[in-house]
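Survey of secondary and tertiary structure
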Amino acid sequence: MSLQDIATVVGGRLHNVPDPGALVTGPATLNLRESSNGLFVPRVVERPDGSRADSHPLAALAVRSGAVAVLTEHPAEEPAVVVPDVQAALGALAAHLLGRLSKTMVIGVTGSWGKTTTTDLTAHLLGHAGPTVATQGNSRIGSAVHALSWPRPETQRPEPVSPTPR
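The text that follows walks through the structure, step by step, so that each part is easy to find. Just so it is clear, the model here is predicted, and its values are computed rather than measured. What you see as residue numbers is a count from 1 along each chain, following the sequence as written. Restriction of local features to residues with pLDDT of at least 70 applies here, the model being predicted, together with a cutoff of 80 or more for giving and counting side-chain atom pairs; totals for whole chains, interfaces and linings are based on all residues. Where side-chain values are given, they derive from all heavy atoms of the structure, hydrogens and water being excluded.

1. Regarding the overall build of the chain
- Put simply, DSSP marks the helices as runs of H or I at least four residues long and the strands as runs of E at least two long, and each gets a number from the N terminus on. Assigned secondary structure in the chain consists of 5 helices and 7 strands.
- When the helices and strands of the chain are listed from N to C terminus, the series reads α-β-β-β-β-β-α-β-β-α-α-α.
- Counting the 166 residues in the chain, one finds 33% classified as buried.
- Restricting to contacts in the chain with at least 6 residues of sequence separation, those with at least 24 account for 49%.
- Here the accessible surface of atoms and residues is derived via Shrake-Rupley with a 1.4 Å probe, and residues count as covered only by protein chains that are part of the display. Carbon and sulfur atoms form 54% of the exposed surface of the chain, whose accessible area is close to 10,300 Å². Categorising residues by exposure relies on relative accessible area from a 1.4 Å probe, with only protein chains included: less than 20% of the type maximum marks a residue as buried, more than 50% marks it as exposed, and the intermediate range marks it as partly exposed. Contact criterion: two residues are considered in contact whenever any of their non-hydrogen atoms come within 4.5 Å of each other.

2. Side note on a nonpolar patch on the surface
- Without a salt bridge and with relative accessible area above 30%, a residue can belong to a patch; like charges are then joined within 9 Å and nonpolar side chains (Val, Leu, Ile, Met, Phe, Trp, Tyr) within 5 Å. Between Lys or Arg on one side and Asp or Glu on the other, a salt bridge is scored when a side-chain nitrogen of the former is within 4 Å of a carboxyl oxygen of the latter. Together, Met105, Ile107, Val109 and Leu126 make up an exposed nonpolar region whose accessible area comes to about 360 Å².
- Using a relative accessible area of 62% as the deciding quantity, one classes methionine 105 as exposed.

3. Structural notes on helix H1 (residues 3-10)
- Within H1, 6 of the 8 residues are buried, which leaves it mostly tucked inside the rest of the structure.
- Looking at H1, one finds that the buried residues are Leu3, Asp5, Ile6, Ala7, Val9 and Val10.
- On its buried face, H1 is in contact with strand E1 (13-15), strand E3 (39-40), strand E6 (69-72), strand E7 (80-82) and helix H3 (86-100).
- Taken from the residues just after H1, glycine 11 is the one with a positive phi, measuring 70°.

4. A few points about the nonpolar core
- Leu3, Leu39, Leu71, Val81 and Leu93 are the most contacted members of the largest nonpolar core, which has 20 residues in total.
- Looking at this core, the elements that each hand over two or more residues are H1, E6 and H3.
- By nonpolar core is meant a set of buried Ala, Val, Leu, Ile, Met, Phe, Trp, Tyr and Cys residues that side-chain atoms within 4.5 Å join together. In terms of nonpolar packing, the next biggest core, distinct from the first, is built from 7 residues, Ala62, Ala67, Val70 and Val82 among them.

5. Describing the environment of leucine 90
- Position of leucine 90 among the secondary structure elements: in helix H3.
- Between the C-alpha atoms of leucine 90 and valine 9, which are 81 residues apart in sequence, the distance is 10.0 Å.

6. Here we look at unusual backbone geometry
- Unlike most non-glycine residues, asparagine 16 shows phi in positive territory, near 55°.
- Residue position: asparagine 16 is located in the loop between E1 and strand E2 (28-29).
- The exposure class of asparagine 16 is partly exposed, given its relative accessible area of 44%.

7. Observations regarding the pairing of E6
- On E6, burial covers both faces: Ala69 and Leu71 on one face and Val70 and Thr72 on the other are all buried.
- Only when DSSP finds a minimum of two bridges between them are two strands counted as paired. With 2 bridges joining them, E3 and E6 adopt parallel strand pairing. Within the sheet, the bridge partner assigned to leucine 39 lies in E6 and is alanine 69.
- Bridging between E6 and E7 involves 3 bridges; their strand directions are parallel. Each residue of the ladder has a partner; that of threonine 72, found in E7, is valine 82.

Okay, here's the thing in structure tokens:
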């Protein structure tokens, strides 16, 4: 998808983007090392001890390392898709992309105990049947980020995006 298409899907605006048609072919990621050709998604995370970790200062490094742009609520100098709520934008983008896949099964695991073990075992078993993506651990945005890392055929051509009324 192009940056312009992504901005349309998530209801965002482009900031400091020299080429709105630039293709994002990698995943949306929180991980600096995995951001090549994708979207870097900086976050502020509360740690169990009450301190905060902020990856926004890594946005410039992510772009220099190959990220096409940053998906953020707080624009800086890097090319960005600016949205009011990153979590909602990731959900909208994941829903859009999953809706374009055919023959795709999405399995949700809920409950108070055993979600990680159940998810790991299910992913392991289903991995023998074909391409499988599973959320690693528990996170408020993990499902959307992992949905955006689904394998896509190399020959898949980008399709024009038109916003769907909700």
